[in-house]
Amino acid sequence: MRAIREQHATIVSRKLEADSPGGMREAITSAEQLARVARGRLRDRVVDVGSAVGTALRGAPRSASFVRAGAAAVPLHVSRMLLDRHQVAAHALAHLYAEIEACRSLASWACEAGGEARAVAEAHAGALLLSLRGGVDLGGGEIAPLGELELRDDEVAKAIGHPAVAAWARDAGSGVAVASIARAAAEQGIPASAGAEDERVGWIRHNMRDFVERLVEPLAPEIHRRNGLIPESIVRRMGQFGVFRLATAPEHGGDGLGVAAMATAIEELARGSLGFGVLTMTASIASDLLARSGTDLQRRTWLARIANGEARCALAFAEPAYGSDLARVVTRAERQADGSYLLIGKKAWVTGASRADLVLTLARTTTPGGQGQLPLGPSLFVIAKRRGAPGADFPDAGMAGTELRALGQRGMGHYELRIEGLQIGREALLGEREGEGIAQIQRALVTGRTYAAACGVGVAQAALELALERAKTRVQFGSQLISFPRVAHRLGGLIARVAAARQLTRAAAHVADTGQPCELTSAMAKLFSSRVAWDAADACMQLHGASGYAESSTAARLLLDARSLFFQLGPHEVLAQGIARALLEGPLP
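Scoring rules and cut-offs
Residues numbered from 1 in each chain as written. Predicted model: local features only at pLDDT ≥ 70, side-chain atom pairs only at ≥ 80, totals over all residues. Heavy atoms only, no water. Buried < 20%, exposed > 50% of the residue type's maximum accessible area, 1.4 Å probe, protein only. Helix = DSSP H or I, 4+ residues; strand = E, 2+ residues; numbered from the N terminus. Contact = heavy atoms within 4.5 Å. Phe/Tyr/Trp six-rings, centres within 6.5 Å; stacked < 30°, edge-to-face > 60°. Lys NZ or Arg CZ within 6 Å of the ring centre and 35° of its normal. Salt bridge = Lys/Arg side-chain N within 4 Å of Asp/Glu carboxyl O. Core = buried A, V, L, I, M, F, W, Y, C linked by side-chain atoms within 4.5 Å. Lys, Arg positive; Asp, Glu negative; His and termini not counted. Polar contact = N/O pair within 3.5 Å; in protein donor to acceptor, adjacent residues only side chain to side chain.

J.: Just to check I follow, could you spell out helix α18 (residues 554-564) for this structure?
T.: Since one α-helical turn is 3.6 residues long, residues separated by three or four positions face the same way. For α18, a buried count of eight out of eleven residues is recorded, marking the element as mostly surrounded by other parts of the structure. Inspection of α18 places Ala555, Ala556, Arg557, Leu558, Leu559, Asp561, Ala562 and Ser564 among the buried residues, and these make up the whole buried set. Where α18 is buried, its residues contact α10 (220-226), α12 (259-272), α13 (274-293), α15 (437-473) and α17 (519-544).

What follows is the structure, encoded as structure tokens:
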């Protein structure tokens, strides 16, 4: 192993011209270089001292940032205890990298799309560098100082504070530059959101937007007001329209168009109503689980039915006591002498459970032993059930449920399930592999988080469009709201951040479709887009004033929907912890 050497932030020495695309690239690079140093410093603090690599690192100078061994990266093992101890720094690192990846994705889009896209990307990059001097924004008003990442003032000054970088950022991210984006959008429309999309994906976006405007948007207010379910007739229309089959392989009754196509459809559906986006996302995750891990019989039984919209799905992973800590599930699947299983336990926040035809359920597998039950680890089961109806939500024996009335994300219903002696055959065990449930879920959630990110982009886009329309039409003190610098500045920043969230989600989908590992990119996209959705919905309500606070207002519905994204497929804190661990254990660039 080569000697450990200290890494400092690289000084960007050449002049960055404000009118050069290179200025934006170099500015992003300066933030990226600073983040790499922060990652190296945090590694020093959290590497497992019990490993060989950890022992070498802990004996090295405290300023050490990187470890290299020949041409290959040395695998690092992060201590869970140490990572928890330095959690603020770890989560700051996760959010910082998510911001930088979004910035890079937006810059790439600007190079492809040209025109107004470049101004949007430059404003976003400039604003990031300006805000970074004050620390890393973790959301909710929580700021992690750069000192938490052991970044010294002189290092920050050499990188993002370098005169050339700072001058470019002040111009690109100035209040005047950002506000001009909103005023241009008020006159000419928001810059083309899709950019240089694949032709097929662009066609899907166009057709889905038409579908949503005709059939989804008119229903959304009433579904939210009544806490009602999406009408069966509309779900059938979605199936006929081909929504559920976009990413399913042709051999299983799908179109095989990939993750990017499905993410685009989900974004447009969520733009009309988040419940429709979540319905499609849930079906896609279930399909992915079955396609990746199911037996031939399970695939033949379910995939074509899900693809054509005939079968509805629900995911029963979390539990009342343990939430996202899936390794601690206490729901039991007791294997019987004949190979069947007896399920007993409770599941929390199972979206769409009543109208589902199958419920993918995580349970701790046990088998009769000499002195009781021997645990085999959590396994995933494909449980077929009869679809519920008004007055009989759960008609099957052994399964009951109570609706949990949620503030937002309405249209499917959320339930706490009680599984009381439910008997299922061995053919219900996913892939007929015991103890592999968590690994199966983790593989499916890679694309699932990309779809969740698309939901965030859809909500953010809806809120942005509504806020911009309000700013154009609302007159206060004799002037349109958009004419006030503070309003224009906030909207201009949102236009840039919504575009960045879309392009980061698009990048995650593209990586997935090319067959490359995309765990980190999809997690960052989900983390970033959820925050952007909340920012956009909050701004939308603020611009509507008291009228936006009315329970029946679209602004209020969007705010409640956006808040649910912070814990969809796991809370942000768990997601940030996972991103940080992946960054710290992963190979060096």
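Read on, since the account is not over.
J.: Explain the packing of aromatic side chains here, please?
T.: Geometrically, a pair of aromatic rings is defined through the distance of the ring centres and the angle of the planes. Counted according to the given criterion, the structure contains four aromatic pairs. A cation over a ring is seen here: arginine 563 above tryptophan 534, with NZ or CZ 5.9 Å from the ring centre. Residue placement shows arginine 563 over the ring face of phenylalanine 566; its charged tip is 4.7 Å from the ring centre.

J.: Help me out: how do you make sense of the pattern of salt bridges in this one?
T.: Close approach of charged atoms allows side chains of opposite charge to pair. Evaluation of the coordinates by the stated rule reveals 42 salt bridges. When the shortest N-O distance is used, the salt bridge between arginine 205 and glutamate 268 registers 3.0 Å. In this pair, arginine 205 is assigned in helix α9 (residues 199-216) and glutamate 268 in helix α12, connecting sequence segments 63 residues apart. Arginine 205 sits in the buried class, given a relative accessible area of 9%. In this structure glutamate 268 comes out as buried when scored by relative accessible area, which is 0%. Here glutamate 267 ties to arginine 502 by a salt bridge, and the two come within 2.9 Å at their closest N and O atoms.

J.: Is there a simple way to explain the nonpolar core in this structure?
T.: The biggest cluster of nonpolar side chains holds 164 residues, and the ones touching the most others in it are Leu149, Phe317 and Leu491. By residue number, the principal contributor to this core is α15, which donates 18 residues. Counting 21 residues, the second-largest nonpolar core is a separate cluster that includes Tyr341, Val359, Phe394 and Ile424.

J.: When you look at the side chain of arginine 470 in this model, what are you seeing that I'm missing?
T.: Inspection of the secondary structure assignment puts arginine 470 in helix α15. Nearest to the buried, unbridged arginine 470 among oppositely charged side chains is glutamate 469, at 9.9 Å. Within polar-contact distance, the side chain of arginine 470 engages the backbone oxygen of leucine 543 at 3.2 Å. In this structure arginine 470 touches Leu481, Leu543, His544 and Ser547, once residues within four positions along its chain are discounted.

The values are spatial; any link to function lies outside them.
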